[in-house]
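Architecture and fold: a report
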Amino acid sequence: MIFNDNTAQKTAELLLQINAIKLNPKNPFTWASGWKSPIYCDNRITLSFPEIRKFLKNEFAANIVEKFGKPDYIAGVATGAIGIGLLVAEALELPFVYVRPEPKKHGRQNQIEGQFEAGKTVVVVEDLISTGKSSLQAVDALRNANAQILGMAAIFTYGFDVATENFKNADIQLVTLSNYPTLLKAAVEKKYISQEEVATLSDWSKDPSVWGV
C-alpha cells in the first residue's frame, strides 16, 4: 500500500531523475540472488541530494504520523535505511535505533544499536522492499526486545507476491512512498522507457525468479 498517489508519483519521478532506479529491459541486471532483472534500485543515492532527501524525510514524517500515529521510536534497517531513518527520527524529534541483520560477533553482541526501552512503540523505516525477508528479520529482532511494532514504512516496493505473503504472515502493515506500478507510469510519462517496454517490465514483476532464464 502507498501512502497516497501524489507522493508516490513524485517519489518515482525523483528516483528516476537521480538514477536511484535504473530501467534496462534490453540489457538486464543480475541481482545478488542470481535473478535477472530489468530494474535496479539503490535508494541510498537519495542521501547525496539534499532537496530529495528533505522531500523523502518530510513525506515519511507526515505520513507516518497520519497512518500510524506518532511512535516512541523510529528504527532503521541496516544498512540501507540507517540514513533515511535517522532523518525521519530527527524530523519527528524521536529517539532512533537501527537493527543489524544479526547480532555482532564481538563486544556487547548487539543486534539493535542505540538505547531502546522495552515495551515502546516503533515504526520501522526501510529503503527498499523486495521479498521482505531482511526487513522482517529486523522486525523479529525488535519484537524479541519487546517492542510494539506499529508498522513499516519504506521508500519503494517491487510489490512481489512473496513479499505480500511474508508481511501478511508476520502481521506487519507495510506502507510505502512509491511502488512499481507508479514507477512504470512515471517512467513512460517522462520518456525513460517506451510504452512497448512496459509489457516486459510488467511481465518480470509477476515472477522475477524465472524471468530471463
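Residues numbered from 1 in each chain as written. Predicted model: local features only at pLDDT ≥ 70, side-chain atom pairs only at ≥ 80, totals over all residues. Heavy atoms only, no water.

Named according to an unreviewed UniProt entry, the protein is Orotate phosphoribosyltransferase originating from Paenimyroides aestuarii. For the protein, the Catalytic activity (unreviewed entry) comment in UniProt is given as "orotidine 5'-phosphate + diphosphate = orotate + 5-phospho-alpha-D-ribose 1-diphosphate". The Subunit (unreviewed entry) field of the UniProt record for the protein holds the comment "Homodimer." (UniProt positions renumbered as here; feature names shortened; annotations may be inferred.)

**Examining the overall build of the protein**
Tallying secondary structure elements over the protein gives 7 helices and 10 strands in all. Counting only C-alpha atoms, the protein reaches 50 × 35 × 30 Å along its principal axes. Within the protein, the fraction of its 213 residues that count as buried is 49%. Relative to all contacts within the protein whose residues are 6 or more apart in sequence, the contacts with residues 24 or more apart total 64%. As presented, the protein carries roughly 10700 Å² of accessible surface, and 46% of it is formed by carbon and sulfur atoms. In the protein, 22 positive and 23 negative side-chain charges are present, and the distance between their average locations comes to 4 Å. (Helix = DSSP H or I, 4+ residues; strand = E, 2+ residues; numbered from the N terminus. Buried < 20%, exposed > 50% of the residue type's maximum accessible area, 1.4 Å probe, protein only. Contact = heavy atoms within 4.5 Å. Areas by Shrake-Rupley, 256 points an atom, 1.4 Å probe, with all protein chains shown as cover. Lys, Arg positive; Asp, Glu negative; His and termini not counted. Charge placed at Lys NZ, Arg CZ, Asp CG, Glu CD.)

**Some details on the layout of surface pockets**
Looking at the largest pocket, its volume works out to about 670 Å³. Lining the largest pocket are 29 residues, and of these Cys41, Asp127, Leu128, Ser130 and Ser134 lie nearest its centre. Of all the secondary-structure elements, those providing two or more residues to the lining of the largest pocket are β4 (39–41), β8 (121–129) and α4 (133–144). Top element by residues in the lining of the largest pocket is α4. It accounts for 5 residues. Tallied by class, residues from the lining of the largest pocket come to 13 nonpolar, 10 polar and 6 charged. Empty space within the second largest pocket amounts to approximately 200 Å³. Those elements that provide at least two residues to the lining of the second largest pocket are α5 (161–170) and β10 (174–179). The leading source of residues in the lining of the second largest pocket is α5, at 4 residues. Considering only residue class, the lining of the second largest pocket consists of 9 nonpolar, 5 polar and 1 charged. (1 Å grid on protein atoms, 1.4 Å probe; cavity = no way out; pocket = protein on both sides within 12 Å on 5 of 7 lines; lining within 4 Å. Points joined across faces, edges and corners; volume = space filled by probe spheres on them. Nonpolar A, V, L, I, M, F, W, Y, C, P; charged D, E, K, R; others polar.)

**Side note on the environment of Leu184**
One can find Leu184 in helix α6 (residues 180–189). By relative accessible area, Leu184 is classed as buried at 8%. Considering only alpha carbons, one finds Leu184 and Val99, 85 residues apart in sequence, at a separation of 31 Å. With residues up to four places along the chain from it excluded, the contact list for Leu184 reads Ile193, Val198, Leu201 and Ser202.

**Considering the UniProt feature "binding site: orotate" (unreviewed entry) in the protein**
Listed under "binding site: orotate" (unreviewed entry) in the UniProt record, and renumbered for this structure, are Ser130. Within the secondary structure layout, Ser130 lies in the loop between β8 and α4. Taking the relative accessible area as the measure of exposure, Ser130 reaches 26% and is therefore partly exposed. Among all residues touching Ser130, those that are not within four sequence positions of it are Tyr158, Phe160 and Ala163.

**Here's the deal with the packing of aromatic side chains**
Each pair of aromatic rings is reported with the distance of its centres and the angle of its planes. Here the structure, examined in full by the defined rule, presents 12 aromatic pairs. Between Phe156 and Tyr158, the aromatic rings sit 5.7 Å apart at their centres with planes inclined by 90°, giving edge-to-face as the arrangement. A residue is classified by how much of its surface remains accessible, and Phe156, at 0% relative accessible area, is buried. Judged by relative accessible area, which is 4%, Tyr158 ranks as buried. The structure contains a cluster of three or more aromatic residues connected by ring pairs, namely Trp31, Trp35, Phe156, Tyr158, Phe160, Tyr180 and Trp204. (Phe/Tyr/Trp six-rings, centres within 6.5 Å; stacked < 30°, edge-to-face > 60°.)

**So, the packing of helix α1 (residues 5–17) against helix α2 (residues 50–68)**
In the contact formed by α1 and α2, the axes pass within 11 Å of each other and the chain directions differ by 155°. As summarised for this structure, α1 and α2 are arranged roughly antiparallel, according to the angle between their axes. Along this stretch, α1 crosses α2, giving a crossing that reads as left-handed. Taking contact as the criterion, the partners of Thr7, Lys10, Thr11 and Leu14 in α1 are, on α2, Ile52, Phe55, Leu56, Glu59 and Asn63. Considering only residue class, the contact of α1 with α2 consists of 4 nonpolar, 3 polar and 2 charged. (Axes fitted to C-alpha atoms, helices over the stretch in contact; angles between N-to-C directions. Parallel < 35°, antiparallel > 145°, perpendicular 65-115°, else oblique. Left-handed = near helix turned anticlockwise from the far one by under 90°.)

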